[in-house]
Amino acid sequence: MIIAANWKAYVEDVERAKKLVAAAKRLARSGTHQIILAPPSVFLGLLASGNHSAVAFSAQDVSRTTGGAQTGENTAQAFVVAGATHAIIGHSERRAMGDTNAIVSEKLAHALAQGLTPILCIGERERDEESHYLSFVREEIETAFAPLSSKERQRIMLAYEPIWAIGKTASEAMRPDELVEMVLYIRKVLTQYLPGKAATNISILYGGSVEPENIRALAGESQVDGFLIGHASVEVHSFEALVKELA
Ligand code: PGA
């Protein structure tokens, strides 16, 4: 299983960040899960430099530019130099700040060009009786995948994160049976872009109020390959509990 911790802006001091990294390294040594940490970009270089552990580091976003006179931007290339191997792209919190599908597509291209593994976030804002949410998710996948080569498509990790389930509690997260349906649907959409087995090889993560209370049920029944976890990943005890639940 892949366990990606999206620290968002929850972690604001270095000591806390270092404790979380140490815990992740301990867990990675004693377990079989792939752990990916996405710290705020100001801490990434410090935490990831000289990293030879099994823990991988991810950017939370990358610039849509490739550098130059772009005050405040962090480019994909700079993240690679800082030690990142992955990049979350198109998180709903970035989309809410203006990232359209077109911008997500540009960011994806930069991340891929720099050799980063994109963790592409998709997910509907709400559910509706007419199932419009399915076409919404389909379009997010299509606009991201269509411009890419077959090789590039195979390097993408998908994170399905229904916006209505983010930042709540385990009881308000998606149910495993609902998630099974979505995973099947996403794989079906992917077959348009990746022939045969290639579509089944794409990792699909679930994100949205994954907590120690629900992670095992979600992992067991839903056919996901892992999780993208926000608030429950930023305290050492709950992060450890999450990983142990999956053991
Ligand atoms: P959450 O966030 O676990 O706090 O719901 C997940 C995410 O937004 O990636």
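Note that the structure is a prediction, hence the values are computed from the model and not measured.

What counts, and where the lines are drawn
- Residues numbered from 1 in each chain as written.
- Predicted model: local features only at pLDDT ≥ 70, side-chain atom pairs only at ≥ 80, totals over all residues.
- Heavy atoms only, no water.
- Salt bridge = Lys/Arg side-chain N within 4 Å of Asp/Glu carboxyl O.
- Helix = DSSP H or I, 4+ residues; strand = E, 2+ residues; numbered from the N terminus.
- Buried < 20%, exposed > 50% of the residue type's maximum accessible area, 1.4 Å probe, protein only.
- Contact = heavy atoms within 4.5 Å.
- Pairing = 2+ DSSP bridges.
- Right-handed = clockwise from strand over helix to strand, strands pointing away.

## Observations concerning the pattern of salt bridges
For step 1, the next point in the chain: A complete count under the given rule lists 14 salt bridges for this structure.
For step 2, the next point in the chain: One salt bridge connects E240 with R26, and the closest N-O pair in it is separated by 3.1 Å. Here E240, found in helix 11 (residues 236–245), pairs with R26, found in helix 1 (residues 14–30); they are 214 residues apart in sequence, far enough to count as distant.
For step 3, the next point in the chain: A salt bridge links R175 to D177; the shortest N-O distance between them is 3.0 Å.

## Comments concerning the side chain of S233
For step 1, the next point in the chain: With respect to the secondary-structure elements, S233 resides in the loop between strand 8 (226–229) and helix 11.
For step 2, the next point in the chain: We classify S233 as buried; its relative accessible area is 1%.
For step 3, the next point in the chain: In contact with S233, other than residues within four places in its own chain, are A5, N6, W7, L20, F239 and L242.

## Looking at the pairing of strand 3 (residues 56–59)
For step 1, the next point in the chain: The two faces of strand 3 match: A56 and S58 on one face and F57 and A59 on the other face are all buried.
For step 2, the next point in the chain: Where strand 2 (residues 34–38) meets strand 3, two bridges bridge the pair, whose relative direction is parallel. Across the sheet, the residue bridging to I36 is A56, located in strand 3.
For step 3, the next point in the chain: Following the backbone out of strand 2, through helix 2 (residues 41–48) and into the adjacent parallel strand 3, one traces a crossover that is right-handed.
For step 4, the next point in the chain: A crossover connection joins strand 3 to the parallel strand 4 (residues 86–89) through helix 3 (residues 76–82); in handedness this β-α-β unit is right-handed.

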